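# Chains, contacts and geometry: an overview
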Amino acid sequence: MTIRTESLVHRYGDSVAVDGVGLEIDDGEFVLLAGANGSGKTTLVRHFNGLLEPDSGEVFVDGRSVPENPVAARTAVGMVFQNPRDQFVAATVGADVAFGPENLGLPRDEIDARVADALDAVNLSERRDARVDELSGGERERAAIAGALAMRPTHLVLDEPFTGLDAPAREAVLDRLETLNRSGTSVVVVTHDVRDALELADRVVVMSDGRVVVDGTPERAVKRLERYDVRAPRRPTADR
Ligand SMILES: Nc1ncnc2c1ncn2[C@@H]1O[C@H](COP(=O)(O)OP(=O)(O)OP(=O)(O)O)[C@@H](O)[C@H]1O
């Protein structure tokens, strides 16, 4: 159960956004995908569930070619986009989270069970009937995560999930991601700032100009982050 790309290339017109990326993300891993703005992170992850098609190269999810099986990839890889506000399709939290399972044509009992589990996983059970437009930033991010979880994905990809969140909201999201990862879901967090999630990560992958330039443990990667314009944690002594 992995996400794998081989020599993946994506162009927008004449510019190359992803330039020959080979990457394998195993089941259960917690990966930070870092890099400066414009380095190709979002473009890369959009290939993981078939939102974009490769110009060349391959993408596989759980051994199956994504361009050939986009529906399977969309089920296996849950994607939480950069602005969850744009992602909501229904007026209330519960209805929004139910939308994906409803589209799978599942029976009502199963849909209800999935919605309850997904909201529970992000600590939003009590906000089920709240309107999405009255959620705080942190609740909005967690509601978007619940929407992805209701599809019961094996991999969860989040694009800049901490943007605009205050420290307690970031902590709440991180806490939920840690629990999800512990229960077996692989988590990929796209960020240009690794300070929040570095402690949870098993692995840090850094992109620059469409290529993977660092791929290693957080301890090893952190020394090389600043060179690629990624905000690294301050040294512990200077920090707190
Ligand atoms: N829809 C698009 N049309 C044309 N060029 C694009 C498009 N989306 C991204 N690009 C370009 O592709 C390159 C990679 O962008 P991408 O969004 O994948 O990078 P990123 O690392 O996720 O950056 P950011 O954090 O700013 O989203 C950039 O040069 C960007 O300007």
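Read on for an overview of the structure. (Residues numbered from 1 in each chain as written. Predicted model: local features only at pLDDT ≥ 70, side-chain atom pairs only at ≥ 80, totals over all residues. Heavy atoms only, no water.)

Helix and strand counts for the protein chain come out as eight helices and ten strands. Dimensions of the protein chain, computed from the C-alpha atoms along their principal axes, are close to 50 × 50 × 30 Å. Relative to its 240 residues, the protein chain shows a buried fraction of 49%. With the model as given, the accessible surface of the protein chain reaches about 11700 Å², and the carbon-plus-sulfur share is 43%. Taken as two groups, the 29 positive and 42 negative side-chain charges of the protein chain have centres that lie 4 Å from each other. (Helix = DSSP H or I, 4+ residues; strand = E, 2+ residues; numbered from the N terminus. Buried < 20%, exposed > 50% of the residue type's maximum accessible area, 1.4 Å probe, protein only. Areas by Shrake-Rupley, 256 points an atom, 1.4 Å probe, with all protein chains shown as cover. Lys, Arg positive; Asp, Glu negative; His and termini not counted. Charge placed at Lys NZ, Arg CZ, Asp CG, Glu CD.)

With 13 residues, helix α5 (residues 137-149) should cover 18 Å at 1.5 Å per step; its first-to-last C-alpha distance of 18 Å lies within 8% of that length. Among the 13 residues that make up α5, eleven are buried, leaving the element largely enclosed by the rest of the structure. Of the positions making up α5, those classed as buried are Gly 138, Glu 139, Arg 140, Glu 141, Arg 142, Ala 143, Ala 144, Ile 145, Ala 146, Ala 148 and Leu 149. Considering only its buried residues, α5 is in contact with β6 (77-80), α3 (93-103), α4 (108-121), β7 (155-159) and α6 (167-182). (Expected span 1.5 Å × (residues − 1). Contact = heavy atoms within 4.5 Å.)

Below, the discussion takes up the nonpolar core. One finds Leu 32, Ile 145, Leu 156 and Leu 177 to be the most contacted residues of the largest nonpolar core, which totals 48 residues. Listing elements by their share of this core, those giving two or more residues are β3 (30-35), α3, α4, α5, β7, α6, β8 (186-191) and β9 (203-208). Ranked by the residues each element gives to this core, the list is headed by α5, at six residues. In terms of nonpolar packing, the next biggest core, distinct from the first, is built from 23 residues, Phe 48, Val 66, Val 157 and Val 205 among them. (Core = buried A, V, L, I, M, F, W, Y, C linked by side-chain atoms within 4.5 Å.)

One open sheet accounts for four strands, arranged β2-β1-β4-β5; its pairing is antiparallel. Whereas interior strands pair on both sides, the edge strands pair on one side only; in this sheet they are β2 (15-26) and β5 (64-65). Sheet topology note: the strand β4 (residues 56-61)/β5 ladder contains two bridges and is antiparallel. Bridging from a neighbouring strand, Val 61 pairs with Arg 64 of β5. (Pairing = 2+ DSSP bridges.)

Val 93, Gly 94, Asp 96, Val 97, Ala 98, Gly 100 and Pro 101 are the residues of α3 that are buried. Each element contacted by the buried residues of α3 is listed here: α4 and α5. Residue Gly 105 follows α3 closely and has a positive phi angle near 75°.

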